[in-house]
Amino acid sequence: MKIYVPNDSTALAQGADDIARALTELDLDLNVVRNGSRGLCWLEPLLEIDSPEGRLGFGRVDPDEISALFAQGVPDRSHARCLGLVEELPYLAKQTRLTAARIGIIEPTSLADYIAHGGFEGLSKAKEMAAANIVAAVTASGLRGRGGAAFPTGIKWQTVLDATGDKKYIVCNADEGDSGTYVDRLIMECDPFVLIEGMIIAGLAVGADQGFIYCRAEYPLAIDRLQQAIEIADDAGYLDNFALQVRKAAGAYICGEETSLLESLEGKRGQIRFRPPLPAIEGLFGKPTVVNNVISLASIPTILAHGPERYQEYGSGRSRGTLTVQLAGNTKHGGLVEVPFGLSLRQLLEDFGGGTATGLPIKAVQAGGPLGAYIPPAQFDTLLDYEAFKEIGAMVGHGGLVVFDENTDMGHMAHFAMEFCAVESCGKCTPCRIGSVRGVEVIDRIRSDEQAQDNRILLHDLCQTMIDGSLCALGGMAPYPVLSIMEHFSDEL
Amino acid sequence: MTNVDIKQVTLEIATPLLNEPGALLPILHALQDHFGYIPTESVAVVARGLNLSRAEVHGVISFYDWFQTAPGGSKTLYICRAEACQAMGAAALEASVKKLLGIDFHQTSRDGSVTLQPVYCLGNCACSPNVMIDDKLYSRVTAESLAGVLAAISEQAS
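Calculation criteria
Residues numbered from 1 in each chain as written. Chains lettered and ligands numbered in written order. Predicted model: local features only at pLDDT ≥ 70, side-chain atom pairs only at ≥ 80, totals over all residues. Helix = DSSP H or I, 4+ residues; strand = E, 2+ residues; numbered from the N terminus. Rg over C-alpha atoms; globule rule 2.2 N^0.38 Å. Buried ≥ 20, exposed ≤ 12 C-beta atoms within 10 Å, placed from the backbone. Pairing = 2+ DSSP bridges. Axes fitted to C-alpha atoms, helices over the stretch in contact; angles between N-to-C directions. Contact = placed C-beta atoms within 7 Å. Nonpolar A, V, L, I, M, F, W, Y, C, P; charged D, E, K, R; others polar. Domains from an automatic or database assignment. Right-handed = clockwise from strand over helix to strand, strands pointing away. Core = buried A, V, L, I, M, F, W, Y, C linked by C-beta atoms within 7 Å. Left-handed = near helix turned anticlockwise from the far one by under 90°. Arc of directions from axis to C-beta.

Undergrad: Go over the overall build of chain A with me, naming the residues and quoting the values.
TA: When helices and strands are tallied, chain A shows 21 helices and 16 strands. Against the globule reference of 23 Å for 493 residues, chain A gives a C-alpha radius of gyration of 23 Å, in line with a compact fold. Expressed as lengths along the three principal axes of its C-alpha atoms, the size of chain A is roughly 70 × 60 × 40 Å. Within the span of chain A, comprising 493 residues, buried residues form 57% of the whole.

Here you go:
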């Protein structure tokens, strides 16, 4: 009898290893499989038991309850703790899993499992295609950079393909620093081969023979699993023409900005570069370089395997395909929700998220990480779409939605936005380096009611200066959460 | 370990990595993994190996929060300060830990068992608040549950 015990960070932090150990100590003939997580984080550790109809789910299992759960033998569908078939859980059944199709289903580092579930089909197709046609397929899919900037991936690849150079690189940005986002981690921990496959295809498309995955130091398990997967893929011959290695970052948020990331990969301080030249022309070590987020690259295999038409059929407006939304913070049902663009924020927060974990009304949602606006409930009918979010001064970013309940002190969150920018500024440009520190001070004055009205005007001016004058998105966008709080929660700042 | 020993060990750790493209970060990580921090004595050795100035190597070390330049406690406790954890009470958790250990961020508890560091997101934002102790993640942490873990660590260290 197969029993699945997830082994991603979320499940492990809730005692998944202890569950696996307890299962092996039972006097039952069990085959304990360590799968990844389905991304239904609020149910972790989610134990799955094979049955004739499919895999049955048992959520929030505590290691201490294993002996009771298995007291009458392997529990079946009639057991009080059984959630039913995992695939039929509405949270999962209502999703469109294209990029995260395999997570939680397969054993993360089993190449056979990966291939049995459609792995390397995209690569086989790509190998039969001319480089320009691979790029054309990515362009036709409508895929836009999932790291946050939403730049069309195909156009970026075309630029690198067209660039002349004896050497080109594929760099995967796995420096997922935005609070409220964790899908890169899920992919790397639960389906690492899909990222490897995406990078090999990118290499074929632009003529690059070397790649780096720059992964944050805060993700030790993801780094470990990627290294294992790379070794396995290499042994199987997949990396014969593409050298791939993981590089560990060192705790700087700014290194998620692509030019800082390249500086860091080169062994330097992670300070941003002036643009132009674009990294696509002069990137890593001065060579033409594709820099893509984990999710962008992990979406490539499905696009190639099933054709760009199928991918771009999903979506809304100019936002094509699916977005891997991550529900986070004070949400009842936090987890990964991969859906086509076009759902409303309310559907995500209520139908999937089920409201707040504390049971109190939602006060605001911060979308797109620490540089994204706080969105009030009055705007929850906004559709998930890059342009629709932009219209209300918000951003989709990497797809994180952090929920806050009505007890949140929004003035404090504005203060934190500036504080975070001050901590993480690379220091290269003045509006960001100094502006963020001044921002903290001005907000302090407003909050202690020192010439509050004058200081509000000053804060507005300061925010505008940072937006207009900063070199990159950190200083250029850190004011947005502050401005959104001044606009929508004016009695709190 | 004497200064000479540190330099020797640094050389042994750094030499196989010197020809890696962009070798400095991998070398610094390897040194920190070995020593628990990056000793001052290592800087000149690394600089010479990579044909950099000591100032350049120092500049890189000081840029990144992950790199430590002095020995810390036997374990490092990273408390997430980012928004998703704040939405679930991270600020109160942080205050209670600081009070319990009697230290602020970047300091080590008096018994030498734990160094406290802030971190901005551990990527487990649906099960907040989160902390990490060395490589081990703890989620849905409460002041009480964390106090229990810290007590066990303190006992081990003594």
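Undergrad: I'd like to hear about the sheet that holds strand β4 (residues 136-138) of chain B, residue by residue, with values.
TA: Residues and elements named next belong to chain B. Strand order in the open sheet formed by 4 strands is β2-β1-β3-β4, and the pairing between neighbours is mixed. In the strand order of this sheet, the two ends are held by β2 (114-119) and β4, each with one partner. Sheet twist, expressed as the average angle between the axes of neighbouring strands with direction ignored, equals 25 degrees. Sheet analysis places strand β3 (residues 131-133) next to β4, joined by 3 bridges and oriented antiparallel. The residue bridging Met 132 from the neighbouring strand is Leu 137, located in β4.

Undergrad: Summarise the interface of chain A and chain B; cite the residues concerned and give the values.
TA: Interface size, as often reported, equals the accessible area lost upon joining of the parts. Taken residue by residue, the interface counts 47 residues in chain A and 33 residues in chain B. Among the secondary structure elements, those contributing two or more residues to the side of chain A that touches chain B are α1 (9-13), β8 (243-248), α12 (258-265), β12 (322-329) and β16 (400-405) of chain A. Taken together, the residues that form the side of chain A that touches chain B break down as 21 nonpolar, 17 polar and 9 charged.

Undergrad: Would you mind going over the domain arrangement of chain A in detail, with residue names and values included?
TA: Residues and elements named next belong to chain A. By the assigned domains, chain A splits into domain 1 (2-93), domain 2 (130-312), domain 3 (314-405) and domain 4 (410-492). Contact residues are listed per partner, giving 9 residues for domain 3 and 13 residues for domain 4. Residue classes in the side of domain 3 that touches domain 4 are distributed as 6 nonpolar, 3 polar and no charged.

Undergrad: For the sheet that holds strand β7 (residues 210-215) of chain A, give the residues involved together with the corresponding values.
TA: All names here are of chain A. Within the open sheet, the 4 strands sit side by side as β8-β7-β6-β9. Their pairing is parallel. Looking at the sheet topology across the chains shown, the edges are occupied by β8 and β9 (289-293). Mean inter-strand twist for the sheet, computed between neighbouring axes without regard to direction, equals 20 degrees. Packed on one face of the sheet, α12 meets β6 (169-174), β7, β8 and β9 and runs near 110 degrees to β6.

Undergrad: Mind laying out the domain arrangement of chain B, listing which residues take part and the relevant values?
TA: Under the domain assignment used here, chain B contains domain 1 (3-63) and domain 2 (75-157). Distance between the C-alpha centres of domain 1 of chain B and domain 2 of chain B: 29 Å.

Undergrad: Could you give an account of the environment of A:Gly321, naming the residues involved and the relevant values?
TA: Residue and element names in this part refer to chain A. Structurally, Gly 321 is set in the loop between β11 (319-320) and β12. Along the sequence, Gly 321 and Ile 303 sit 18 residues apart, while their C-alpha atoms lie 9.6 Å from each other. Apart from the residues within four sequence positions on either side, Gly 321 is in contact with Ser 141, Gly 142, Leu 143, Ser 299, Tyr 311, Gln 312, Tyr 314 and Gly 315.

Undergrad: Tell me about the pairing of β7(A), residues and numbers included.
TA: All names here are of chain A. Counting buried positions along β7 gives 5 out of 6 residues, so the element sits mostly inside the fold. Pairing between β6 and β7: 6 bridges, direction parallel. Each bridged residue has a counterpart across the sheet, and for Cys 172 the counterpart in β7 is Ile 213. For β7 and β8, the ladder comprises 6 bridges, and the chain directions are parallel. Among the inter-strand pairings, Phe 212 is bridged to a residue of β8, identified as Gln 245. For the crossover that starts at β7, traverses helix α11 (residues 220-235) and ends in the parallel β8, the hand is right-handed.

Undergrad: Go over the nonpolar core with me, naming the residues and quoting the values.
TA: The biggest cluster of nonpolar side chains holds 203 residues, and the ones touching the most others in it are A:Val171, A:Ile187 and A:Cys215. The contact partners of A:Cys215, leaving out residues within four places of it in the chain, are A:Ala174, A:Met188, A:Ala222, A:Ile223, A:Leu226, A:Val246, A:Lys248 and A:Ala249.

Undergrad: Please provide a residue-by-residue account of helix α21 (residues 479-488) of chain A, values included.
TA: Residue and element names in this part refer to chain A. The buried fraction of α21 is high, at 9 of 10 residues. All of the buried residues in α21 are Pro 479, Tyr 480, Pro 481, Val 482, Leu 483, Ser 484, Ile 485, Met 486 and His 488. Summarising the contacts, the buried residues of α21 are in contact with β14 (362-367), β15 (374-375), α17 (410-424), α18 (430-447), α19 (452-469) and α20 (473-477).

Undergrad: Quick one: what's the story with the packing of α19(A) against α21(A), residue by residue and with numbers?
TA: All names here are of chain A. As a packed pair, α19 and α21 sit with axes 10 Å apart at the nearest point and diverge in direction by 145 degrees. In the crossing of α19 with α21, the sense of the turn from one axis to the other is left-handed. Residue-level contacts link Cys 463, Met 466 and Ile 467 of α19 to Pro 479, Val 482 and Leu 483 of α21. Looking at the contact of α19 with α21 residue by residue, the classes come out as 6 nonpolar, no polar and no charged.

Undergrad: Give a detailed account of unusual backbone geometry, specifying residues and quantitative values.
TA: A cis amide bond links A:Glu44 to the next residue, A:Pro45, at an omega of -5 degrees. As for its position among the elements, A:Pro45 is in the loop between β2 (31-33) and β3 (47-51). Backbone geometry places B:Asn51, a non-glycine residue, at a positive phi of 60 degrees. Residue B:Asn51 is classed as exposed on the basis of its C-beta count, with 8 C-beta atoms lying within 10 Å.

Undergrad: Lay out helix α2 (residues 16-25) of chain A with the relevant residues and their values.
TA: Residues and elements named next belong to chain A. Those residues of α2 not exposed but buried are Ala 16, Ile 19, Ala 20, Ala 22 and Leu 23. Buried residues in α2, looked at end-on, bunch into an arc of 160 degrees, giving them a common side. Turned more than 90 degrees off the buried face of α2, the exposed positions are Thr 24 and Glu 25. Those residues of α2 that are buried are in contact with β1 (2-4), α1, β2, β3 and α3 (66-69).

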